[in-house]
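# What the coordinates show
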Amino acid sequence: RGPSAYNPYLHPERLEQRRAWVLSRLAATGLARAAEVEAATWISVVGAARAEIVDTLVSSGLHRGEAEAIALAVERRADWLLIDERQGRLVAEGMGVAVVGSVGIVVAAKTRGDIAVIGPVLEALRGSGLWLSDALVARVLIACGEQSNR
């Protein structure tokens, strides 16, 4: 499929399908309560306007979703791009986009006091399919004072 197949303005039904999928994953993993998910009007799905950027990134080996996210971050001059895939992070950084991963968001939430402990959240992320190495989890738990480095 070409990039227009993912454009929510041309295919609003796909926008709603994708939004529903994201919200169902948030609820299923316990990262959000059902009431929060139902009220999540702040989540919207938009496509990148410049298809040529997306196509170039896809032809370089990125998945279409990563390419769309990076292109959209460039277009909108985003402060941050939430992306976990290593290759996508490197490409985004090479294009001048600041990146943060899921673990970084969790650490920031703990630092702000939004969550008390991050261990269970990291395990929930793992359970939802996000691959996190044992070494990374250990380093993060130590850095956040939830595990001894002995």
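The paragraphs below set out a description of the structure included in this document. (Residues numbered from 1 in each chain as written. Predicted model: local features only at pLDDT ≥ 70, side-chain atom pairs only at ≥ 80, totals over all residues. Heavy atoms only, no water.)

## What to know about the overall build of the chain
Of regular secondary structure, the chain possesses 8 helices and 2 strands. For the chain, the succession of helices and strands along the chain, N to C, is α-α-α-α-β-α-β-α-α-α. Within the span of the chain, comprising 150 residues, buried residues form 33% of the whole. Restricting the contact set of the chain to residue pairs at least 6 apart, pairs at least 24 apart contribute 36%. Total accessible area on the chain is roughly 9600 Å²; 55% of this is exposed by carbon and sulfur atoms. (Helix = DSSP H or I, 4+ residues; strand = E, 2+ residues; numbered from the N terminus. Buried < 20%, exposed > 50% of the residue type's maximum accessible area, 1.4 Å probe, protein only. Contact = heavy atoms within 4.5 Å. Areas by Shrake-Rupley, 256 points an atom, 1.4 Å probe, with all protein chains shown as cover.)

## A short note on unusual backbone geometry
Unusually for a residue other than glycine, arginine 77 sits at a positive phi of about 50°. One can find arginine 77 in the loop between helix H4 (64-76) and strand E1 (81-82).

## Some thoughts on the pattern of salt bridges
Enumeration over the complete set of coordinates arrives at 6 salt bridges. Residues glutamate 146 and lysine 110 are paired through a salt bridge, measuring 2.8 Å at the closest nitrogen-oxygen approach. Linking glutamate 146 in the segment after helix H8 (134-143) with lysine 110 in helix H6 (residues 102-112), this pair joins segments that are 36 residues apart in sequence. Overall, glutamate 146 belongs to the partly exposed group, its relative accessible area being 26%. Of the charged contacts, one joins arginine 126 and aspartate 134 as a salt bridge, the two residues approaching to 2.7 Å between their closest N and O atoms. (Salt bridge = Lys/Arg side-chain N within 4 Å of Asp/Glu carboxyl O.)

## Looking at the nonpolar core
Residues Leu57, Ile70, Leu81 and Ala92 are the most contacted members of the largest nonpolar core, which totals 14 residues. Elements with a minimum of two residues in this core: helix H3 (51-59) and H4. Once residues within four sequence positions are removed from consideration, alanine 92 is found in contact with Ile70, Leu81, Val97 and Val99. Of all hydrophobic cores here, the second largest spans 12 residues; its members include Ile118, Val121, Leu132 and Val140. (Core = buried A, V, L, I, M, F, W, Y, C linked by side-chain atoms within 4.5 Å.)

## Observations regarding the packing of H6 against helix H7 (residues 119-127)
At a closest axis distance of 10 Å, the pairing of H6 and H7 adopts a crossing angle of 155°. Classified by the angle their axes make, H6 and H7 are roughly antiparallel. The handedness of the crossing between H6 and H7 is right-handed. In contact with Ser102, Val103 and Val106 of H6, H7 contributes Val121, Leu122 and Leu125. Its residues assigned to classes, the contact of H6 with H7 comprises 5 nonpolar, 1 polar and no charged. (Axes fitted to C-alpha atoms, helices over the stretch in contact; angles between N-to-C directions. Parallel < 35°, antiparallel > 145°, perpendicular 65-115°, else oblique. Left-handed = near helix turned anticlockwise from the far one by under 90°. Nonpolar A, V, L, I, M, F, W, Y, C, P; charged D, E, K, R; others polar.)

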